[in-house]
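If you want the building blocks of each chain, they are given just below.
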Amino acid sequence: MFNDLPGQIYKTLFVDNRWMLFVDGLLTTLMIAGIAIVLGVVIGSLVAIAKVNALRNKKLKWLSVICEIYTTVIRGTPVVVQLLIMYYVIFAAAPPELAPYVAAFAFGINSGAYVSEIVRAGIMSIDKGQMEAGRSLGLSNSMTMKSIILPQAIKNILPALGNEFIILFKETSIVGYVAVTDLTRAAELIRSRTFQPFVPLIFIALIYLGIVMLISWGLKKLEKKLAQSDAR
Amino acid sequence: MENLIQTKQLYKQFGDVMVLNGISETIAKGEKVVVVGPSGSGKSTFLRCLNLLEMPTSGEIWFEGNLLTGASEHQVDKLRTKMGMVFQQFNLFPHMTVRKNITLAPTKLGLMTDQEADAKAEELLTRISLLDKIDAYPSQLSGGQKQRVAIVRALAMSPDVMLFDEPTSALDPEMVGEVLDFMHTLADEGMTMVVVTHEMGFAKEVATRCMFMDEGRILEQSPPADFFGNPRNARLQDFLSKVLY
């Protein structure tokens, strides 16, 4: 396995300019994860706000039923299956070059279900006096939510949210199932040509690790910044 | 005198418990009404109904000629800007500086520009000698400072009435005075106030009318001299004998 490591590295990265395949794959992975994270946060926040409001307002019961079905179905089925359904059933007519976007969409929908529960927990963790104080000043429910409740909730859930981002980022490594060449798929393609698994797989493992460390570092920074208002 | 707040046959039920038992009451402009009573008597619920933080089960609440119960949510939001509220737990926004706490509502609601709101915040903070804390966060303030900022936050909206829900009950004893002093000043300036409190000294000095509530009813009300000097209701006599020592 370790015979002629420099030769293996040369073959994996430089013959036929193979490093370009890794770069393209990495960019695809980052694009899919980026879109999915944003989409997941947007969907998750909306679902969480809908659920919290439905608790207080009986007229919104139907909304909470829809949200409940969404989280139950998404959390109850494997993400690979969701990805395949999205690609081969729902967007069966989409041209192949759109496959990365279909994948990003599938991951966003998937992540939204998990994010919604995280955000909901965050909203519930804020003392109800905060909502009352906002409302007593004449702010509307949505203004109070946006300016007072959510900023505090996000601060509380940042570690859990960071966890979700990291999981989502790594989960995108299955997009090869729908013929998208991401980082993992790139390594697989090269492995199947060189018949040397060690270098490409360890190489991408290190890239994933490096990016996750980068995300963690960024989140820690953000956490520190948000902790500005805490007692010192 | 001009009626500011009027309630008609106000009932509030929590589960099986009737917390408010048909309260019909009028509060006039300039009055300082102090509501006292044993815990669980419904006095806080009554106060919280006045700006609809608590929705009554039945009955009517009128504020400045507008029927609050039955108004649209938007109208209620609008009327609330004229009713300041101060909470037992202060409820300052912990993620915002003192300045932002005060300026948030006036600017968000388009009542003041950023500059106007800033000037108002500085003016109000100067009044309570906390101008140096304008860029501090609530966690850096003492309890008494927090509550005075909370009062100022409500005042920034230029309300027509201030509702106080046990404003000194969560304070360390040495900080009660600074908050009561400030409330006293407000009363002297003519602010209409409804105060739920256990501070009998404050009631005696500041109130124009004292109310005794028990089991969701107002059992007795009179000017403080009569209220404390010559209570007629047996339960009020009992209550006063326990709290005045």
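This structure is a prediction, so every number in the text was calculated from the model and none was measured.

A word on the layout of surface pockets
So, point 1. By volume, the largest pocket is sized at about 940 Å³.
So, point 2. Forming the boundary of the largest pocket are 23 residues, of which Arg56 and Arg135 of chain A together with Leu52, Leu53 and Arg80 of chain B lie nearest the centre.
So, point 3. Where the lining of the largest pocket is concerned, the elements lending two or more residues are helix 2 (19-56), helix 6 (128-136) and helix 7 (141-171) of chain A together with strand 1 (3-14) and helix 2 (73-80) of chain B.
So, point 4. Among the elements that line the lining of the largest pocket, the one with the most residues is helix 6 of chain A, at four residues.
So, point 5. The class makeup of the residues in the lining of the largest pocket is eight nonpolar, six polar and nine charged.

What to know about the interface of chain A and chain B
So, point 1. Each partner contributes residues to the interface: chain A has 24 residues there, and chain B has 26 residues.
So, point 2. Here Glu73 of chain B makes a salt bridge to Arg135 of chain A, at a shortest N to O gap of 3.5 Å.
So, point 3. At the boundary of chain A and chain B, one finds seven residue pairs in polar contact (both at pLDDT 80 or more).
So, point 4. Looking at the side of chain A that touches chain B, the elements with two or more residues in it are helix 6 and helix 7 of chain A.
So, point 5. Here the residues of the side of chain A that touches chain B sort into seven nonpolar, 11 polar and six charged.

As for the environment of Ala186 of chain A
So, point 1. Within the secondary structure, Ala186 of chain A sits in helix 8 (residues 183-194).
So, point 2. In this structure, Ala186 of chain A is in contact with Leu21, Phe22 and Thr181 of chain A, ignoring residues within four places of it in sequence.

Notes on the confidence of the model for chain B
Where the model shows low pLDDT, its predicted coordinates should not be examined in detail.
So, point 1. With 99% of its residues at a pLDDT of 70 or more, chain B has an overall mean of 95.
So, point 2. Here the complex is predicted with pTM 0.86, and the ipTM for its interfaces comes to 0.93.

Some points on the sheet that holds strand 2 (residues 17-28) of chain B
All names here are of chain B.
So, point 1. Ordered by their spatial adjacency, four strands build an open sheet running 2-1-4-5, and the pairing between neighbours is antiparallel. Only two strands of the sheet have a single neighbouring strand rather than two, namely strand 2 and strand 5 (66-67).
So, point 2. Both strand 1 and strand 4 (residues 58-63) contribute to a ladder of five bridges, which runs antiparallel. Across the sheet, the residue bridging to Gln6 is Trp62, located in strand 4.

Some thoughts on the packing of helix 8 of chain A against helix 9 (residues 198-226) of chain A
Residues and elements named next belong to chain A.
So, point 1. Where helix 8 meets helix 9, the closest approach of the two axes is 9 Å, and the angle between their N-to-C directions is 165°. When the axes of helix 8 and helix 9 are compared, the pair comes out roughly antiparallel. With respect to the hand of their crossing, helix 8 and helix 9 are arranged in right-handed fashion. Along the contact surface, helix 8 presents Leu183, Thr184, Ala187, Glu188 and Arg191, while helix 9 presents Pro200, Leu201, Ile204, Ile207 and Tyr208.
So, point 2. Here the residues of the contact of helix 8 with helix 9 are counted per class, giving seven nonpolar, one polar and two charged.

Scoring rules and cut-offs
Residues numbered from 1 in each chain as written. Chains lettered and ligands numbered in written order. Predicted model: local features only at pLDDT ≥ 70, side-chain atom pairs only at ≥ 80, totals over all residues. Heavy atoms only, no water. 1 Å grid on protein atoms, 1.4 Å probe; cavity = no way out; pocket = protein on both sides within 12 Å on 5 of 7 lines; lining within 4 Å. Points joined across faces, edges and corners; volume = space filled by probe spheres on them. Helix = DSSP H or I, 4+ residues; strand = E, 2+ residues; numbered from the N terminus. Nonpolar A, V, L, I, M, F, W, Y, C, P; charged D, E, K, R; others polar. Contact = heavy atoms within 4.5 Å. Salt bridge = Lys/Arg side-chain N within 4 Å of Asp/Glu carboxyl O. Polar contact = N/O pair within 3.5 Å; in protein donor to acceptor, adjacent residues only side chain to side chain. pLDDT = per-residue confidence, 0-100. Pairing = 2+ DSSP bridges. Axes fitted to C-alpha atoms, helices over the stretch in contact; angles between N-to-C directions. Parallel < 35°, antiparallel > 145°, perpendicular 65-115°, else oblique. Left-handed = near helix turned anticlockwise from the far one by under 90°.

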